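For reference, the chains in residue letters:
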Amino acid sequence: MKKWGWLALIVFSFLIWQAWSIYGEAMAPKRSMAEKAFARAEEAVGLVDVKKVYTYYGEEACTVFIGQTKQGETDIVVWVPEKEGDIVVKRADSGISEAEARAILQRDRHPQQVIDATLGMEKGVPLWELTYIDAEGRYSFYYLHFADGAFLKRYSFQR
């Protein structure tokens, strides 16, 4: 019976190791994108300390950092496009916060569940992408302008 216990432990350990390896391989492109984006932000803006990172996959992918520059500026938001393009820098207080974006979504759409809020950019416009389950149980997206919280667009997947 002890042999079966050891064999089961070895098989279980092997399965955990394989799952961890697959997860690591699957996440490598995302980590690589964030590392490249941070290097660009560090060079262009002097970003040194990062509080939060968002990865946005819209028409064009971008990585968004909230952090501090080496000049001591705090709460700076930096949008770095995946491909070559202009890096956009704004102060966090020049736009709405994640909590304010979520409150606007609650007020306007009355979702069953808010899944995520991500900073992103489309066509040069900084925005909040809010992912939620709507009143009809559909997976939905709601886009708000970063600067003032104005509605940009909304769409839902069919049930």
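Structural data are supplied above this passage.
Treat the numbers as computed from the prediction; the structure is a model and nothing was measured. (Residues numbered from 1 in each chain as written. Predicted model: local features only at pLDDT ≥ 70, side-chain atom pairs only at ≥ 80, totals over all residues. Heavy atoms only, no water.)

Enquirer: When you look at the nonpolar core in this model, what are you seeing that I'm missing?
Expert: Most often, soluble globular proteins keep nonpolar side chains buried together rather than apart. Judged by nonpolar contacts, the single largest core of 23 residues is most densely connected at Val 64, Val 77, Trp 79, Leu 119, Trp 128, Leu 130 and Leu 144. Every element with two or more residues in this core is listed here: strand 1 (47–57), strand 2 (61–69), strand 3 (76–81), helix 2 (98–109), strand 5 (113–122), strand 6 (125–133) and strand 7 (139–145). Once residues within four sequence positions are removed from consideration, Leu 144 is found in contact with Ile 96, Ala 101, Ile 104, Pro 126, Leu 127, Trp 128, Leu 130, Gly 149, Ala 150, Phe 151 and Leu 152. Ala 37, Ala 41, Val 45 and Val 78 belong to the second-largest nonpolar core, a separate cluster that totals 8 residues. (Core = buried A, V, L, I, M, F, W, Y, C linked by side-chain atoms within 4.5 Å. Buried < 20%, exposed > 50% of the residue type's maximum accessible area, 1.4 Å probe, protein only. Helix = DSSP H or I, 4+ residues; strand = E, 2+ residues; numbered from the N terminus. Contact = heavy atoms within 4.5 Å.)

Enquirer: Can you help me understand the pairing of strand 2 in this one?
Expert: Looking down a regular strand, the side chains alternate between one sheet face and the other. Taken across its 9 residues, strand 2 has 8 buried, putting it largely inside the fold. Where strand 1 and strand 2 come together, 9 bridges link them in antiparallel fashion. Looking at the pairing, Tyr 57 lines up with Ala 61 of strand 2. Remark: 3 residues form the turn of the hairpin made by strand 1 and strand 2, two consecutive strands paired antiparallel. Direction of pairing for strand 2 relative to strand 3: antiparallel, over a ladder of 6 bridges. (Pairing = 2+ DSSP bridges.)

Enquirer: Honestly, the layout of surface pockets in this entry has me stumped. Any pointers?
Expert: Gaps left between atoms are located by rolling a probe of water-molecule size over the structure's atoms. Roughly 290 Å³ of volume is contained in the largest pocket. What lines the largest pocket is a set of 15 residues, and nearest its centre among them are Glu 60, Pro 81, Met 121, Lys 123 and Gly 124. Elements supplying a minimum of two residues to the lining of the largest pocket: strand 2, strand 3 and strand 5. (1 Å grid on protein atoms, 1.4 Å probe; cavity = no way out; pocket = protein on both sides within 12 Å on 5 of 7 lines; lining within 4 Å. Points joined across faces, edges and corners; volume = space filled by probe spheres on them.)

Enquirer: What should I look at first to understand the pattern of salt bridges in this one?
Expert: Should their charged atoms come close, side chains of opposite charge can pair. Evaluated as defined, the whole model comprises 9 salt bridges. Across the salt bridge formed by Glu 98 and Arg 102, the nearest N and O atoms sit 3.2 Å from each other. Within this pair, Glu 98 and its partner Arg 102 are both found in helix 2, separated by 4 residues, close to a single helical turn. Residue classification places Arg 102 among the partly exposed residues on the basis of a relative accessible area of 26%. Residues joined by salt bridges that share partners form a network here, namely Lys 52, Glu 98 and Arg 102. (Salt bridge = Lys/Arg side-chain N within 4 Å of Asp/Glu carboxyl O.)

Enquirer: Which parts of the structure should I look at to understand the sheet that holds strand 5?
Expert: Strand pairing in a sheet relies on backbone hydrogen bonds, with the paired strands running either antiparallel or parallel. Taken in spatial order, the 4 strands line up as 5-6-7-8 in an open sheet, and their pairing is antiparallel. Both outer strands of the open sheet, strand 5 and strand 8 (151–156), are each paired with one neighbouring strand and no more. Averaged over all neighbouring strand pairs, the angle between strand axes comes to 20 degrees, with direction disregarded. Here strand 7 pairs with strand 8 via 5 bridges, running antiparallel. Residue pairing across strands places Ser 140 opposite Ser 156, the latter belonging to strand 8. (Axes fitted to C-alpha atoms, helices over the stretch in contact; angles between N-to-C directions.)

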